[in-house]
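Commentary on secondary and tertiary structure
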Amino acid sequence: MSESGSTPAAAAVTIPNGGASSRHPGNKVAVVLGAQWGDEGKGKVVDLLAQDADIVCRCQGGNNAGHTVVVDSVEYDFHLLPSGIINPKVTAFIGNGVVIHLPGLFEEAEKNVKKGKGLEGWEKRLIISDRAHIVFDFHQAADGIQEQQRQEQAGKKFKVLANQYKSVYPTLEIDIEGELKRLKGYTERLKPMVRDGVYFMYEALHGPPKKILVEGANAALLDIDFGTYPFVTSSNCTVGGVCTGLGMPPQNVGEVYGVVKAYTTRVGIGAFPTEQDNKIGELLQTRGKEVGVTTGRKRRCGWLDLVLLKYAHMINGFTALALTKLDILDVFPEIKVGVAYRINDKIIPHFPANQEVLNKVEVQYETLPGWNTDISNARTFDELPVNAQNYVRFIEMELGIPVKWIGVGKSRESMIQLF
C-alpha cells in the first residue's frame, strides 16, 4: 500500500494491434424478426435480403417454425433450413440456439429439392453449430400431448402443470432401437456440415467484409420471456436470442428489421385483443389464406394492433419495418387500427404481462378510409392509392419507425422498397 492508502498504479498493458479489436467490433449482422405472433412473412424479407448476402443464419427455434418463399413461381416451405439457402452463393448457418430434428431436416431438404432448382447442392453450403441440440421423435410426441392438454384445459394453469407432472405422458410410445437405427443413417451425411459454431461466427465477423443476415423464427409475442405466456414457444425470439443463439456479442448487431403484417393473426388459443371473430375476420382469413405452414390450422384474424407493436419495439429496437400483405386489405371500405388499451375506462401505458388482464382490455381504434383498389401490381410507393399510402404513413408516425418495405403479393417482385 502507498502512504495515501491507494494501490500502486498498474503497469501499462500492451494491447496487440494497437487495440484495434476494441475499436472496430467487426462486421455487423442484419436481423429480421417477427413483430407479432408469427406468420408475418419473414421468409419473404429474408429471401429479398439474401440475394446479396454472404451468410444467412438461424439463431433459435426448431422445425416448429414455418417460412414460405416464392421464387420463379415455385413455393418453397422451410422449417429448419435458413430461407437464404435458396441462393447458391449463400452459406447457410444453423446456430447453437436451434433445436434440430434430423429426420425433419433431411425430409424438408428433399421435399424442396423436388420442387425446383433452389435447393440443389444444399448440403455443401449448410454449416451446423456443434453446440446445437438434437430433438427426437419422442420430444415431438410429448409436445403434441402437452399442446392437447393445454387446449383441453385452457385457463386452468395450475391443473395443467400438475397433470403434466403427474401423468408423465402415459400414452407416449418410444421405439428406441428403431429411432437409433434411423438416426445412425443420417450421421455420415451430417458430419461434413458440423463445425465449431462460435469460431465460425467469430471468423465471419472479424474476417473480410461480409454481409451477414440473421433470420429469426417465431415472433416477439411468442418469446418465452416476453410473449403472451403460457402460449409461447421455448426460445427467445427477440433480439437477445441472436447473441445467445449464435455466440456473438451485441456490438455486432446492426440493422434490426421488424416484420409486421398489415393486420394481425394468431394460431391457437390465447389472448388476442384486436381479434375479429366475425365476417371481417373471416374475410381476412380467406383473402390472406391464413393457414399455418407447420400446423395446417386456420389462423385467427383481426385488425392491426399498434399497442402490441410498440411493445415489440421496446424490446427489439427496430431500425425499420417490413409491412407485409397490404394487398389483403384492398376490399375493405374502412380499416381499423388498435391504438390504445383501456381497462376500467382508463388507458394503460404498457402491454400487460398477465393473460387475464390482456383478455379484459378494451381496444381503442382509429378508423382510416380504405382504398377499394387492387394494389398487387404496384411496384413503387407512388403507385399505391393515396389511402394506402396514408395507412403506411399512419403506422410510421404512431410507432416512430420507418417502413422500408411494403409487401403487396407473394413473389419477390411484390416487395416495394421505399429507401
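Nothing here was measured: the structure is a model prediction, and the numbers come from that model.

Turning next to the packing of aromatic side chains. In total, this model carries 10 aromatic pairs according to the counting rule given. Here tyrosine 76 and phenylalanine 78 contribute two aromatic rings whose centre-to-centre distance is 6.3 Å and whose plane-to-plane angle is 15°, an arrangement assigned as stacked. With a centroid separation of 6.0 Å and 55° between ring planes, the pair formed by tryptophan 371 and tyrosine 391 is classed as tilted. In this pair, tryptophan 371 sits in the loop between strand 18 (362-369) and helix 12 (386-399) while tyrosine 391 sits in helix 12, placing the two residues 20 residues apart along the sequence. Residue classification places tryptophan 371 among the buried residues on the basis of a relative accessible area of 6%. Counting every residue linked through ring pairs, the aromatic cluster contains Phe106, Trp122 and Tyr186.

This next bit is on unusual backbone geometry. With an omega of 10°, the peptide bond running from tyrosine 229 to proline 230 counts as cis. Of note, proline 230 is situated in the loop between strand 10 (212-215) and helix 8 (240-246). Phi at asparagine 218 takes a positive value of approximately 60°, unusual for a residue other than glycine. Following the sequence through the fold, asparagine 218 ends up in the loop between strand 10 and helix 8. For asparagine 218, a relative accessible area of 10% gives the class buried. Of note, asparagine 372 is a non-glycine position whose phi angle comes to about 45°, a positive value. Within the secondary structure layout, asparagine 372 lies in the loop between strand 18 and helix 12. Take asparagine 372: its relative accessible area is 53%, and that puts it in the exposed class.

What counts and how
Residues numbered from 1 in each chain as written. Predicted model: local features only at pLDDT ≥ 70, side-chain atom pairs only at ≥ 80, totals over all residues. Heavy atoms only, no water. Phe/Tyr/Trp six-rings, centres within 6.5 Å; stacked < 30°, edge-to-face > 60°. Helix = DSSP H or I, 4+ residues; strand = E, 2+ residues; numbered from the N terminus. Buried < 20%, exposed > 50% of the residue type's maximum accessible area, 1.4 Å probe, protein only.

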